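Remarks on the overall topology
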Amino acid sequence: MKPYAFDLDERDIKRERQKARELRQSQWWKRRCAKGRCHYCGKETPPAELTMDHIVPVARGGKTTKGNVVPACKDCNNKKKQLLPMEWQEYLLSLQIK
Ligand SMILES: [Zn+2]
């Protein structure tokens, strides 16, 4: 896996997004969300408000596998989209310090 490949095929990205839609319907995912906790900040979040987040984003070559998707609250999901990978790492570290 090349986490920072930017020359991704559009079809690969579409395939991973489609897989994500299917994984969201799975019992595995529903069980993960039923815990009602954000993977990143640990905040208690109603299962309906948890979103599926790719740890390595699809756009950077991440795959839709059980090891690469986690439930995230809306705050974390938004932050992750806005921040650069390095800034996101710093955000995660700041959470651990608290
Ligand atoms: Zn969170």
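Within an unreviewed UniProt entry, the label attached to the protein reads HNH endonuclease, and the organism entered is Desulfosarcina widdelii.

Quick look at the packing of aromatic side chains now. Inspection of every chain in the model, using the stated rule, returns 3 aromatic pairs. Seen from their ring centres, tyrosine 40 and tryptophan 88 are 4.9 Å apart, and the 85° between their planes marks the pair as edge-to-face. Here tyrosine 40, found in the loop between α2 (27–34) and β1 (51–54), pairs with tryptophan 88, found in helix α4 (residues 85–97); they are 48 residues apart in sequence, far enough to count as distant. Of the two residues, tyrosine 40 and tryptophan 88, neither departs from the other in class, the shared state being buried. Site record: aromatic cluster; members linked through ring pairs are Tyr40, Trp88 and Tyr91.

With that settled, the discussion passes to the nonpolar core. Ranked by size, the top nonpolar core spans 10 residues in total: Cys38, Tyr40, Val70, Ala72, Cys73, Cys76, Trp88, Tyr91, Leu92 and Leu95. With 4 residues, the single largest contributor to this core is α4. Ignoring sequence-local partners within four residues, the contact set of cysteine 76 consists of Cys38, Tyr40, Cys41, Trp88 and Tyr91.

Moving on: the coordination of the zinc ion. In the first shell of the zinc ion, the protein supplies Cys38 (SG), Cys41 (SG), Cys73 (SG) and Cys76 (SG), at 2.3 to 2.4 Å from the metal. Classification of the site at the zinc ion rests on its 4 donor atoms, whose angles at the metal span 107 to 112°, yielding the label tetrahedral. Of note, the donors binding the zinc ion are all from one chain and are spaced C-x2-C-x31-C-x2-C. You can see cysteine 41 sitting in the loop between α2 and β1 and its partner cysteine 73 sitting in the loop between β2 (69–72) and α3 (74–82), a full 32 residues away along the chain.

Turning our eyes to something else, we now look at empty space enclosed by the protein. According to the stated counting rule, one finds 1 cavity of 30 Å³ or more in the structure shown. Its volume calculated, the largest cavity comes out at about 30 Å³. In this structure, the largest cavity is lined by Leu8, Asp12, Ile13, Glu16, Val58, Gly61, Gly62 and Lys63. Here the lining of the largest cavity is composed, by residue class, of 3 nonpolar, 2 polar and 3 charged.

Per the stated rule, a full pass over the model turns up 6 salt bridges. In this structure, the salt-bridge partner of glutamate 44 is arginine 37, at a minimum N-O distance of 3.6 Å. Its relative accessible area of 62% is what places glutamate 44 among the exposed residues. We note a salt bridge from aspartate 75 to lysine 43, for which the minimum N-O separation is 3.2 Å. Residue aspartate 75 is found in helix α3, and its partner lysine 43 is found in the loop between α2 and β1; the two are separated by 32 residues along the sequence.

Our next topic: the UniProt feature "domain: HNH nuclease" (unreviewed entry) in the protein. The UniProt feature table records "domain: HNH nuclease" (unreviewed entry) at residues 27–78. In residues 27–78, the share of helix is 25% and the share of strand is 15%. The end C-alpha atoms are 25 Å apart.

Cut-off values and rules
Residues numbered from 1 in each chain as written. Predicted model: local features only at pLDDT ≥ 70, side-chain atom pairs only at ≥ 80, totals over all residues. Heavy atoms only, no water. Phe/Tyr/Trp six-rings, centres within 6.5 Å; stacked < 30°, edge-to-face > 60°. Helix = DSSP H or I, 4+ residues; strand = E, 2+ residues; numbered from the N terminus. Buried < 20%, exposed > 50% of the residue type's maximum accessible area, 1.4 Å probe, protein only. Core = buried A, V, L, I, M, F, W, Y, C linked by side-chain atoms within 4.5 Å. Contact = heavy atoms within 4.5 Å. Donors = N, O, S within 2.8 Å, 3.2 Å for Na, K, Ca; no water. Tetrahedral: all angles 85-135°; square planar, octahedral: opposite > 155°, others 65-115°. 1 Å grid on protein atoms, 1.4 Å probe; cavity = no way out; pocket = protein on both sides within 12 Å on 5 of 7 lines; lining within 4 Å. Points joined across faces, edges and corners; volume = space filled by probe spheres on them. Nonpolar A, V, L, I, M, F, W, Y, C, P; charged D, E, K, R; others polar. Salt bridge = Lys/Arg side-chain N within 4 Å of Asp/Glu carboxyl O. UniProt positions renumbered as here; feature names shortened; annotations may be inferred.

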